[in-house]
Structures are given as structure tokens and as C-alpha cells.
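Residues per chain, in single letters:
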Amino acid sequence: KLMGLQNFSIDVTLCATIFLASTTPGALGLLMVAFLGLVTDFFMPGGLAGMQMEIQVVLFLLARSVLSRLQLNRMVPLMLVIAVSSVFSLLMFLLLSVVFDRAYSYSSTILLTGLAQALATALFAPLLFRLFNLVDGRSHRNRDPGACLSDRRASRTAALPHGEMV
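Residues numbered from 1 in each chain as written. Predicted model: local features only at pLDDT ≥ 70, side-chain atom pairs only at ≥ 80, totals over all residues. Heavy atoms only, no water.

Caption draft 1: Representation of the overall build of the protein. Along the backbone of the protein there are 6 helices and 0 strands. Counting from the amino terminus, the protein carries its helices and strands in the arrangement α-α-α-α-α-α. Within the protein, residue pairs in contact and separated by at least 24 positions form 70% of the contacts whose partners lie at least 6 positions apart. (Helix = DSSP H or I, 4+ residues; strand = E, 2+ residues; numbered from the N terminus. Contact = heavy atoms within 4.5 Å.)

Caption draft 2: Seen up close, helix 1 (residues 12–23). In this model helix 1 runs 16 Å from its N-terminal to its C-terminal C-alpha over 12 residues, within 8% of the 16 Å that 1.5 Å per residue would give. A large share of helix 1 lies buried, amounting to 10 of its 12 residues. Taken together, the buried positions of helix 1 are occupied by Thr 13, Leu 14, Cys 15, Ala 16, Thr 17, Ile 18, Phe 19, Leu 20, Ala 21 and Thr 23. (Expected span 1.5 Å × (residues − 1). Buried < 20%, exposed > 50% of the residue type's maximum accessible area, 1.4 Å probe, protein only.)

Caption draft 3: Inspection of a nonpolar patch on the surface at higher detail. Together, Ile 10, Val 12, Leu 119, Leu 123, Phe 124, Leu 127, Leu 131 and Leu 134 make up an exposed nonpolar region whose accessible area comes to about 700 Å². The leading source of residues in the nonpolar patch is helix 5 (residues 108–141), at 6 residues. Topologically, Leu 123 is positioned in helix 5. (Patch = residues over 30% accessible without salt bridge, like charges linked within 9 Å, V, L, I, M, F, W, Y side chains within 5 Å. Areas by Shrake-Rupley, 256 points an atom, 1.4 Å probe, with all protein chains shown as cover. Salt bridge = Lys/Arg side-chain N within 4 Å of Asp/Glu carboxyl O.)

Caption draft 4: Region of the structure containing the packing of aromatic side chains. Under the definition given, this model contains 3 aromatic pairs. For the pair Phe 19 and Phe 132, a centre-to-centre distance of 5.5 Å together with 50° between the ring planes defines the contact as tilted. Placement of the pair is Phe 19 in helix 1 and Phe 132 in helix 5, with a sequence separation of 113 residues. Note on Phe 19: relative accessible area 6%, which makes it buried. Taken together, a centroid distance of 6.3 Å and an interplanar angle of 55° make the contact between Phe 129 and Phe 132 tilted. Of this pair, Phe 129 and Phe 132 both sit in helix 5, 3 residues apart, which is roughly one turn of that helix. (Phe/Tyr/Trp six-rings, centres within 6.5 Å; stacked < 30°, edge-to-face > 60°.)

Caption draft 5: Quick look at the environment of Phe 93. On the secondary structure map, Phe 93 appears in helix 4 (residues 75–100). As a C-alpha pair, Phe 93 and Glu 54 span 39 residues in sequence and 9.7 Å in three-dimensional space. With residues near it in sequence (within four places) discarded, Phe 93 still touches Met 44, Met 51, Gln 52 and Ile 55.

Caption draft 6: Examining the side chain of Gln 52 more closely. As for its placement among the helices and strands, Gln 52 is situated in helix 3 (residues 51–67). In this structure Gln 52 comes out as buried when scored by relative accessible area, which is 9%. Filtering out sequence-adjacent residues up to four positions away, Gln 52 remains in contact with Gly 37, Thr 40, Asp 41, Met 44 and Phe 93.

Caption draft 7: Spotlight on the nonpolar core. One finds Cys 15, Ile 18, Leu 67, Leu 72, Ile 82, Phe 129 and Phe 132 to be the most contacted residues of the largest nonpolar core, which totals 25 residues. Residue assignment for this core shows that the elements contributing at least two residues are helix 1, helix 3, helix 4 and helix 5. At 7 residues, helix 1 tops the list of elements feeding residues into this core. (Core = buried A, V, L, I, M, F, W, Y, C linked by side-chain atoms within 4.5 Å.)

Now the structure itself:
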């Protein structure tokens, strides 16, 4: 029980969105994030269809522009980016709920739950990013460099001697 709240969780979809924004090429990442948001919408009973998909796509696009200036290989910047993204996601959820859901009624519990979720998500983000890196590393190892969905990084490093980055 945190801050008098019993029900809050870690936003794995948000962490996956930020991870994809930092590692995946634009169009492919955008499609993957849209799909993740849609799947999240299916698991939200009573929620507006497409709301999480829209939130995740907007977060992805914003994160792509911001993450080009930041490195998420350290714990503190990663946690800060996830915390800010989570609060932004909460504010977008509240805004879209007020605008599009006629049955929506604001409650301070929703705000407190969202802030607790932002804190929990930020604290567990380094662990989730390690898991995502593990899965992403295995998928890159099994990928054919000549395939149409291959990573641009793999083709650039394969052309250089000793695997140096451009």
C-alpha cells in the first residue's frame, strides 16, 4: 500500500514505447507501438478504444525527437525519461477522457494512482530495459542481414572493418 493506494501497476507498454523509440527505425517502431497500444486498449475494460494507441504513438513521436539528444544507457536519465513520459501519458489520458468520454468523472484517486504508477514504472524501468535489450539482442543475432526488415545498424557495422560504428 503506497500513499493510501492499493491498486497500481508498472506501465510496461510505456517502457516498451520508450525502448522502441530509442532502438527501432521510425516507421517500423511506429507500427509496433501502435500495435502495443491497441493490445493495451483491448485489456482495458470500459476504456475508449484507441486511446492507449493514440497515447503511445504520440509518446513514441515525442520520444524519438528527445532521445536523439539523450543516452539511456545510464540509470538516472532512463528513470527521469520514463517518469516524465509516464506523467505526460497520465495527462494525455485525463485530457482525452474529459474530451471524448461523456461518462468520465474526474477523481483525485485517478491522479494519485497515475503518479504512483509513474513512480513505480520509473523505478522498474532499468530492469525492464535490460530485459528488452536481452530479447532485442537475441532477435538481432537470429536476423538475416539481407532480410528486408534487418536493422540498419547491422548493415552499417558489417561494412566497416572490426565492427566500428559510423
